[in-house]
Structures are given as C-alpha cells and as structure tokens.
Amino acid sequence: MTAHAGATRITFLGTSTAIPDRGDDTASFVVNDRILVDTGWSAIENLIRNDIDPLTIDCLIFTHMHHDHYLSLPSFLFYQVMKRRDLKELTIVGPADDVDHVVSCACTFLQLERFFGPSTTTPSVQPVQPGDDIVVAGFTLKTAATLHPVQGICGKLTDTATGSVFAFTGDTAHHAPLADHIRGASLLIHDCTLGPVAADPATNQALHAGALDAARIARDAGVDTLVLIHGPRSSASASIDAARTLFDGEVVWPERDQTITL
Ligand SMILES: [Zn+2]
Ligand SMILES: [Zn+2]
C-alpha cells in the first residue's frame, strides 16, 4: 500500500469500543475526505483535527444504528447548518430498518425549524436493504447483512476513479456469508470488540467478533490486509498476533488519525 496520486485514502478517526478510550473515539473513518462511515461520539472535532473540512463530507454511511455509531450526528448536522450548508446536499445512507427514524430524531432534537426557519432543509436519507447496490460520492457501494442485534450493512466500496476495492463489516459476529460478499476487496475493516479471541456463541448475545473471527473472514475472502477496529486499544497487539495465526496477510490496528492508502 503506497500513496500515489488519486489513491483511495481511509482515515481512521477512532478505533475504540462503544465507550471511547482516553485520546480515542469509537470506531469511525473517512474515505477520500468525502464519505464518513459512522460518526463516533465526536465527528466534528475528529474531522477538524485531521484538517478535513466537515463541509466536504458529501455522504455519511451508517453501518447500523446503535448509539456509539450515530451519537454525534446532531452536532455534525448542527455544524453544517451553522456554516449555512444546504443539508439536502448531504446524503445519509443506512439500514432501512432504522436510518429514517434516527435522522428524523436528530433533526427534531436540533429544532431546525424553530431556530433556522421553516425553509431549513433536512438531509437526503437513502435507506438501504442488505443486498442493495448504490452509487455514493465517487464509489459504488454493495451491501450485505451482518449478524448483529439490529439490522446492519457490511459494505464493499469500489472507487470508480481507481478501481480500488475495500470492505467494512460494522459490528458483527462471525458470519460466514460475508466472505463471499467481501471477496475481490484488497482490504477488510472488521469488528474486533472481543479482543484476541474467537467469540463464544454461548456468551456472545451482543453479536460482536474477536480477532480470530475477523481473521477467518479475511482469510476466506482472500483480502491482502485485515484492519481490526472497535475494540479496546489495550488488546490491539494481542489481537494482531492472534489474527496472524489464521491469516497470512497484513494485519493492522490503526492509530487514531492514521490514514491507510490503497
Ligand atoms: Zn458498536
Ligand atoms: Zn452495534
């Protein structure tokens, strides 16, 4: 993975579990400064710290609508409104079961009409069902269902300018069909909430993954690089070591603000 002109850039704004570690945020990343995948707790602060103008985000993709993934949606939208951006320019993609409701709640919470007038717009919401195939901000997005307590989408993004392909699972337990969906991607970003283990189905009611679950999917999908996120930072190096016992490719746990280039 070397940087070159026109490459696909993935900047990690946080890699923590649902409750952020000190100096980190819950899992969230930006693609080419245009697509934000999940918001974490502090999207605006994270973007500005990385010299990414929040107004350049054209598309927000929610992997699923659990709180830690959408918590800073209201402040993200408030920033756009304060900067006089037409919210209609912002496309919000998310699982059809929940995305409309959460975006609507965020707009209600902001009292847009009361404080910004009756002509204030709302974001363009694009609900997707697993299996849908859409175009967003210079990429095609193919989705598949995750295995999680709420509807979730595992996304495969293809950069229409470079042909680079990568995938992200959002939160999920080990789910064998994801390998077929992800195949063809060079890089996979996978949930590693449980650290350097395989999940025990008897105790995995929250339906998350450990490093060994992620490594199985990476191996079966044939990706080159496995990126572990959404776990405790203290388990990062042990998780990388565990994943390497099953997967021969590169395994990384990004630092906050690290950019990986495809
Ligand atoms: Zn989560
Ligand atoms: Zn979740």
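Relevant structure appears above.
Residues numbered from 1 in each chain as written. Chains lettered and ligands numbered in written order. Predicted model: local features only at pLDDT ≥ 70, side-chain atom pairs only at ≥ 80, totals over all residues. Heavy atoms only, no water.

**So, the coordination of the zinc ion (ligand 1)**
- Asp68 (OD), His69 (NE2), Asp171 (OD) and His230 (NE2) make up the full set of protein donors to the zinc ion (ligand 1), lying at 2.1 to 2.4 Å.
- Classification of the site at the zinc ion (ligand 1) as irregular follows from its four donor atoms and the range of 88 to 165° in their angles at the metal.
- Look at where the donors of the zinc ion (ligand 1) fall in the sequence and you get D-H-x101-D-x58-H.
- According to the relative accessible area criterion, His69 is buried, its value standing at 2%. (Donors = N, O, S within 2.8 Å, 3.2 Å for Na, K, Ca; no water. Tetrahedral: all angles 85-135°; square planar, octahedral: opposite > 155°, others 65-115°. Buried < 20%, exposed > 50% of the residue type's maximum accessible area, 1.4 Å probe, protein only.)

**Comments concerning empty space enclosed by the protein**
- Applying the stated rule across the entire model yields one cavity of 30 Å³ or more.
- Computed from the structure, the largest cavity encloses a volume of approximately 100 Å³.
- Those elements giving two or more residues to the lining of the largest cavity turn out to be strand S2 (28–31) and strand S11 (187–191).
- Per element, the largest residue contribution to the lining of the largest cavity is three residues, and it comes from S11.
- Looking at the lining of the largest cavity residue by residue, the class counts come to six nonpolar, seven polar and three charged. (1 Å grid on protein atoms, 1.4 Å probe; cavity = no way out; pocket = protein on both sides within 12 Å on 5 of 7 lines; lining within 4 Å. Points joined across faces, edges and corners; volume = space filled by probe spheres on them. Helix = DSSP H or I, 4+ residues; strand = E, 2+ residues; numbered from the N terminus. Nonpolar A, V, L, I, M, F, W, Y, C, P; charged D, E, K, R; others polar.)

**A short note on the coordination of the zinc ion (ligand 2)**
- The zinc ion (ligand 2) binds to the protein through His64 (NE2), His66 (ND1), His148 (NE2) and Asp171 (OD), with metal-donor distances spanning 2.1 to 2.4 Å.
- Because the angles between the four donor atoms bound to the zinc ion (ligand 2) fall within 88 to 167°, the donor set is best described as irregular.
- The sequence pattern formed by the donor residues of the zinc ion (ligand 2) is H-x1-H-x81-H-x22-D.
- Here the zinc ion (ligand 2) and the zinc ion (ligand 1) are spaced 3.6 Å apart, linked through Asp171, which binds each one.
- Looking at His64, the relative accessible area reads 1%, which means it is buried.

**As for the environment of Asp241**
- Within the element layout of this structure, Asp241 appears in helix H8 (residues 236–244).
- Sequence spacing of Asp241 and Leu212 is 29 residues, and the spatial spacing of their C-alpha atoms is 9.7 Å.

**Some points on the pattern of salt bridges**
- Inspection of the entire model under this criterion finds eleven salt bridges.
- The partner of Arg34 in a salt bridge is Asp58, and the shortest N-O contact between them spans 2.6 Å. Of this pair, Arg34 sits in the loop between S2 and strand S3 (35–37) while Asp58 is found in the loop between helix H1 (43–49) and strand S4 (59–61), placing the two residues 24 residues apart along the sequence.
- Accessibility expressed as a relative area gives 34% for Arg34, which makes it partly exposed.
- The partly exposed category is assigned to Asp58, whose relative accessible area is 24%.
- Glu89 is the partner of Arg85 in a salt bridge, and the nearest nitrogen-oxygen pair spans 3.2 Å.
- With a relative accessible area of 12%, Arg85 lands in the buried category.
- Each member of the salt-bridge network shares a partner with another, and the members are Arg34, Asp58, Arg85 and Glu89. (Salt bridge = Lys/Arg side-chain N within 4 Å of Asp/Glu carboxyl O.)

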